[in-house]
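Architecture and fold: a report
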Amino acid sequence: MIAAQNSSELSLPVPDEFALKLSADLKQIICKAIMENGGSISFEQYMQMALYEPGLGYYSAGSIKFGETGDFVTAPEISSIFSRCLARQCQQVLSETSFSEVSSACILELGPGTGVMAIDILRELELNHSLPKIYYMLEPSADLRQRQQLNVKNAIPHLKERIVWLDHLPEKKIDGIILANEVIDAMPVKRIVFDGGVEECVVACELESDDQIRFQWLRKEVAPKLESALQMILDELREEIPTPYITEINLNIKPWLNSLNDVLNKGLILISDYGYPRQEFFHPQRSAGTLICHYRHHAHDDPFLYPGLQDITASVDFTAVAEAAVDIGLDVSGFTTQAHFLIACGLDQFVSGDESGHETDDVIKRAQITHQVSKLTMPGEMGEKFKFIGLSKSLDIQLCGFDFIDQRARL
Ligand SMILES: C[S@@+](CC[C@H](N)C(=O)[O-])C[C@H]1O[C@@H](n2cnc3c(N)ncnc32)[C@H](O)[C@@H]1O
């Protein structure tokens, strides 16, 4: 996701009274959890509650998150070209995992946002006569699910029957492709500080004189198992990190991949998100960690501001994703930047055409497309920071998305 500006608290827009009340209610609930836990909770629990507390968390409540009127923009919201390129990768995997000429294979999209990626992928696959048997959309948020259903009904009513909404993974195994765009960055993480030894940054709260709850950081010992895992990571780094060095660790990746592995019979898990291979993730420049919060197109680094009203994200350590995948028996079948993935999937063919694949002479339309493509691919925008990793199961093919430049050696 991207936001228009980097901001400090002072320059952020102030939420309206209703939103402030929701945030105050959530603060109370988090504070109660802190008290009940003896004065602090892990940052992982804080982030879980701030994003997913039923009815109040950022992704569970009803605010508009995506697009110009929301807090941030993701790649599928910038241009349909992103999803049309992904459709090429889907098409290859669907044809490899189908038993007959009519596709028996499925797509499962995790955390589908507004549903725009599903709409554009299905449109492109329809043009190419390659529709999946079912397009599953796993959406835990009831509010987002409603928006997706409305958008699908308006955009592709004739394909609605092929879409199945889920609030948990399918019971039956599937063949095909699982998509997760910007899902890992929204998973709760632990915050760690290397400062001589290793400590965990946990969250405490304080009641100020005007009855306002204020959250603050505390440091706590880490469990010995986690400490030795972190020490191993440090030992692997080629470059020494400065201290104190704050970072985030996502312990949810492996159980999450495990659950996807259980659901997938044959096919590909395609993950796209922003982050780095480990040697770059632990760059000396990132000594203050990778947490970024998004509020109305302002990006800042204070996760305690307006809980429930702002998004909180952390960059992905793609080496950790690859290690977890290998541990559970998946094959790491490709890793590359967003720019290289989109180019490999035929980006150039989409640049000169309209949505139905026809060349367009409309000068304004062409200028818009050029602008969108530069946002998706330029190194200073999303082109390099965002990556694609392919994890495959019983699928022995060269994936088209990694045909141009495969950077697995960087992991
Ligand atoms: C930043 S949004 C990305 C939305 C959309 N994929 C896009 O690119 O516009 C992150 C989404 O991931 C969802 N999410 C987080 N953890 C998830 C999980 N374990 N399974 C499925 N969705 C998850 C969140 O609820 C949220 O809708």
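See the structure printed just above.
What this report covers is the structure whose coordinates are included nearby. (Residues numbered from 1 in each chain as written. Predicted model: local features only at pLDDT ≥ 70, side-chain atom pairs only at ≥ 80, totals over all residues. Heavy atoms only, no water.)

**A closer look at the site of the ligand**
Surrounding the ligand, one finds 15 residues, the nearest of these being Tyr59, Thr74, Gly111, Asn181 and Glu182. Between Gly111 and the ligand, the recorded distance is 2.7 Å, taken from a backbone N or O atom to a nitrogen atom. One of the side-chain nitrogen or oxygen atoms of Asn181 is found 2.7 Å away from an oxygen atom of the ligand. When isolated, the ligand has an accessible area of 600 Å², and the protein chains bury 90% of it. (Near = heavy atom within 4 Å. Polar contact = N/O pair within 3.5 Å; in protein donor to acceptor, adjacent residues only side chain to side chain. Areas by Shrake-Rupley, 256 points an atom, 1.4 Å probe, with all protein chains shown as cover.)

**Structural notes on the packing of helix H4 (residues 80–97) against helix H5 (residues 116–127)**
Here H4 crosses H5 at 60 degrees, and the two axes come no closer than 8 Å. Taken as axis vectors, H4 and H5 run oblique relative to one another. Handedness of the crossing formed by H4 with H5: right-handed. Residues Ser80, Phe82, Ser83, Arg84, Leu86, Ala87, Arg88, Cys90, Gln91 and Leu94 of H4 touch H5, and the partners they reach there are Met117, Asp120, Ile121, Glu124 and Leu125. Looking at side-chain class alone, the contact of H4 with H5 contains eight nonpolar, three polar and four charged residues. (Axes fitted to C-alpha atoms, helices over the stretch in contact; angles between N-to-C directions. Helix = DSSP H or I, 4+ residues; strand = E, 2+ residues; numbered from the N terminus. Parallel < 35°, antiparallel > 145°, perpendicular 65-115°, else oblique. Left-handed = near helix turned anticlockwise from the far one by under 90°. Contact = heavy atoms within 4.5 Å. Nonpolar A, V, L, I, M, F, W, Y, C, P; charged D, E, K, R; others polar.)

**Side note on the environment of Ile156**
Within the secondary structure layout, Ile156 lies in the loop between helix H6 (142–155) and strand E5 (163–166). C-alpha separation for the pair Ile156 and Tyr306, spaced 150 residues apart in sequence, amounts to 36 Å. When neighbours within four sequence positions are excluded, Ile156 is seen to be in contact with Ile119, Leu122, Arg123 and Ile163.

**Here's the deal with the pairing of strand E3 (residues 106–110)**
Where burial is concerned, most of E3 is hidden: five out of the five residues are buried. Side chains Cys106, Leu108 and Leu110 project from E3 onto one buried face, and the interleaved Ile107 and Glu109 project onto a second face that is buried too. Looking at chain direction, E3 and strand E6 (residues 174–181) are connected through four bridges and run parallel. Its bridge partner lying in E6, Ile107 is registered against Ile177. Sheet analysis places E3 next to strand E4 (residues 135–138), joined by four bridges and oriented parallel. Residue pairing across strands places Glu109 opposite Met137, the latter belonging to E4. As a crossover connection, the stretch from E3 through H5 into E4 is right-handed. (Buried < 20%, exposed > 50% of the residue type's maximum accessible area, 1.4 Å probe, protein only. Pairing = 2+ DSSP bridges. Right-handed = clockwise from strand over helix to strand, strands pointing away.)

**Re helix H10 (residues 318–327)**
Listing the buried residues of H10 in full gives Phe318, Thr319, Val321, Ala322, Ala324 and Ala325. In this fold, the buried residues of H10 make contact with helix H8 (253–263), strand E11 (264–276), helix H9 (278–281), strand E15 (316–317), strand E16 (331–337) and strand E17 (386–393). Backbone nitrogen of Thr319 and a side-chain oxygen of the N-cap are separated by 3.0 Å at the start of H10; the cap is Asp317. Positive phi appears at Gly329, one or two residues downstream of H10, with a value of about 95 degrees.

**Remarks on the packing of aromatic side chains**
Evaluated as defined, the whole model comprises 17 aromatic pairs. Centre to centre, the rings of Tyr46 and Phe215 are 5.3 Å apart; their planes meet at 70 degrees, and the pair counts as edge-to-face. Here Tyr46 is found in helix H2 (residues 43–52), whereas its partner Phe215 is found in strand E9 (residues 213–221), with 169 residues between them in sequence. The same class applies to Tyr46 and to Phe215, which are both buried. Geometrically, the ring pair formed by Tyr58 and Tyr59 is edge-to-face, given 5.0 Å between the ring centres and 80 degrees between the ring planes. Residue classification places Tyr58 among the buried residues on the basis of a relative accessible area of 0%. Feature note: the residues Phe43, Tyr46, Phe215, Trp217 and Phe304 constitute an aromatic cluster, connected by ring pairs. (Phe/Tyr/Trp six-rings, centres within 6.5 Å; stacked < 30°, edge-to-face > 60°.)

**Comments concerning the environment of Gly346**
Considering the arrangement of structural elements, one finds Gly346 in the loop between helix H11 (338–344) and helix H12 (347–351). Residue Gly346 is classed as buried on the basis of its relative accessible area of 4%. Separated by 207 residues in sequence, Gly346 and Glu139 have C-alpha atoms that sit 29 Å apart.

**Here's the deal with the side chain of Asp185**
When you line up the elements, Asp185 lands in the loop between E6 and strand E7 (190–195). One buried charged side chain, Asp185, makes no salt bridge at all; its nearest oppositely charged neighbour is Lys385, positioned 9.7 Å away. Setting aside residues up to four positions removed in sequence, Asp185 forms contacts with Met1, Met47, Asp273, Tyr274, Ile312, Thr313, Ala314 and Val316. (Lys, Arg positive; Asp, Glu negative; His and termini not counted. Salt bridge = Lys/Arg side-chain N within 4 Å of Asp/Glu carboxyl O.)

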